[in-house]
Amino acid sequence: MLLIVCLCDMFRYSLLRRDTEITEQLLKLSEQKHDLTQENIEIINRKCHDLKHQLEALGSAPADADRAEYLDEIKNSVLIYDSSIRTGNEALDIVLMEKKLLFSQLGFDFTYMLDGARLNFMKRSDVFTLFGNALDNAMESLREEAPENRVLHVSVGGTGNIVNIFFENYCGKELQFEDGLPVSTKEKNGYHGFGMKSIRYIVQKYKGEMLAYQTDNRFVLEILFA
C-alpha cells in the first residue's frame, strides 16, 4: 500500500511538472509573439498614417462624385487601422489593438473600460499573455454563437492597491469545469486547456486570485490582485 501511495504521488508530481514546463514554454512563445505583434502594429499604423495624408491630398483635387465617394470609403477603412488605443499600459494597448481589429472583422460587439496603469506592476509579457489568452478564449467561444450574441466586455479597475480584471462574454453552450477551470472543447493535442492554465499561472505568480464561472448564458472570468 505504501508503494502504491508513493507511485501515485510520483505520478501526480510528474503531471504537475509537465504542466509547469509546458506553461513556461507557452509563456516564452507568447513573449516572442508580443514583440512581433508590437513591431507589426507600429508598421501598420505608420503606413496607414502616411496613406491617410496621401488620400487627403488626392481628395482635394477636382473630382467627380463617384471618385470622392470611393476615396471616403478608402479613408474610412484606413481609420480602422490608424486608431491607437491608450489605456496607460503599452502591452495592454498592443494586445487590444491586435484583437480589436480581428473582432471588428468577425462582427463582435466588443466593449471595454480599462485603467491600464493599474497593471504596471506586471511584466509586459505577462500582461500580453494574460489578456491575449483570455481574449482568444472568448473569440473561440463567440465564433460558435449567432451574430447577435457575439458580445464581449473587458474591464480593468480598482481602488487603492486592489486591481480588478473582468472578462465577460456570451456563452450559450453549457461548460464543464475541472479544478476551477473550464474544460477545453478542443481535441486533446498536448496543449489541451493550457490557455486558462497560463492565465492561472500568471495570476498565482503575482499572488492574485481568479474565479471562472458560467451564469445566465455568460462566461465570466474575474481576477483580483491586492
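None of the values given here were measured: they were computed from a predicted structure.

Draft legend 1. View of the overall build of the protein chain. Each helix and strand counted, the protein chain has five helices and seven strands in total. Each helix and strand of the protein chain, ordered N terminal to C terminal, gives the series α-α-α-β-α-β-β-β-β-α-β-β. Counting every position in the protein chain, which comprises 226 residues, the buried fraction comes to 34%. Entry remark: accessible area of the protein chain is about 13,800 Å², with carbon and sulfur atoms responsible for 54%.

Draft legend 2. Focus on the pattern of salt bridges. Per the stated rule, a full pass over the model turns up seven salt bridges. Linking Asp115 and Arg118 is a salt bridge whose minimum nitrogen-to-oxygen distance equals 3.3 Å. Across the pair Glu168 and Arg218 runs a salt bridge, and its minimum N-O distance is 2.1 Å. One end of the pair, Glu168, is in strand E3 (residues 163–170); the other, Arg218, is in strand E7 (residues 218–225), and 50 residues separate them in sequence. For Arg218, a relative accessible area of 28% corresponds to the partly exposed category.

Draft legend 3. Just helix H3 (residues 90–106), in detail. If you check H3, its first and last C-alpha atoms are 25 Å apart, about what 17 residues at 1.5 Å a residue would give, namely 24 Å. Those residues of H3 that sit buried are Ala91, Leu92, Asp93, Ile94, Val95, Leu96, Met97, Lys99, Leu101 and Phe103. Count one or two residues on from H3 and you reach Gly107, which has phi positive near 75 degrees.

Draft legend 4. Local environment of the pairing of strand E2 (residues 151–157). Pairing geometry for strand E1 (residues 109–114) and E2, over six bridges, is parallel. Within E2, the residue paired with Met113 across the bridge is Ser155. The β-α-β motif built from E1, the intervening helix H4 (residues 124–142) and the parallel element E2 has left-handed crossover chirality. Between E2 and the antiparallel strand that follows it, E3, lie five residues; Gly158 among them carries a positive phi value of about 145 degrees.

Draft legend 5. Structural detail: the sheet that holds E1. With mixed pairing, five strands are arranged side by side in an open sheet as E1-E2-E3-E7-E6. Each edge of the open sheet carries a strand with a single partner, namely E1 and strand E6 (209–215). The sheet shows a mean angle of 10 degrees between the axes of neighbouring strands, taken without regard to direction. With respect to the sheet, H3 is in contact with E1 and E2, its orientation differing from that of E1 by roughly 165 degrees. With respect to the sheet, H4 is in contact with E1, E2, E3 and E7, its orientation differing from that of E3 by roughly 15 degrees.

Draft legend 6. Quick peek at the confidence of the model for the protein chain. Looking at the protein chain as a whole, its pLDDT mean stands at 77, while 60% of the residues score no less than 70. Here residues 188–192 scores under 50 on pLDDT; set against residues more than four positions off or in separate chains, the count is eight contacts.

Draft legend 7. Representation of the packing of H3 against H4 in the model. Close contact between H3 and H4 brings their axes to 8 Å; oriented N to C, the two are set at 20 degrees. If you check the angle between H3 and H4, you find them roughly parallel. The two elements H3 and H4 meet at a crossing, and its hand is right-handed. Here Glu90, Ala91, Leu92, Ile94, Val95, Leu96, Glu98, Lys99, Leu102, Phe103 and Leu106 of H3 come into contact with H4, specifically with Arg124, Val127, Phe128, Phe131, Gly132, Leu135, Asp136 and Met139. Counted by class, the contact of H3 with H4 contains 13 nonpolar, one polar and five charged residues.

Draft legend 8. Molecular detail of the pairing of E3. Because side chains alternate across E3, one face comprises the buried residues Val163, Ile165, Phe167 and Asn169, and the other comprises Asn164, Phe166, Glu168 and Tyr170, none of which is buried. Both E3 and E7 contribute to a ladder of eight bridges, which runs antiparallel. Bridge pairing links Phe167 to Leu221 in E7.

Parameters at a glance
- Residues numbered from 1 in each chain as written.
- Predicted model: local features only at pLDDT ≥ 70, side-chain atom pairs only at ≥ 80, totals over all residues.
- Heavy atoms only, no water.
- Helix = DSSP H or I, 4+ residues; strand = E, 2+ residues; numbered from the N terminus.
- Buried < 20%, exposed > 50% of the residue type's maximum accessible area, 1.4 Å probe, protein only.
- Areas by Shrake-Rupley, 256 points an atom, 1.4 Å probe, with all protein chains shown as cover.
- Salt bridge = Lys/Arg side-chain N within 4 Å of Asp/Glu carboxyl O.
- Expected span 1.5 Å × (residues − 1).
- Pairing = 2+ DSSP bridges.
- Right-handed = clockwise from strand over helix to strand, strands pointing away.
- Axes fitted to C-alpha atoms, helices over the stretch in contact; angles between N-to-C directions.
- Contact = heavy atoms within 4.5 Å.
- pLDDT = per-residue confidence, 0-100.
- Parallel < 35°, antiparallel > 145°, perpendicular 65-115°, else oblique.
- Left-handed = near helix turned anticlockwise from the far one by under 90°.
- Nonpolar A, V, L, I, M, F, W, Y, C, P; charged D, E, K, R; others polar.

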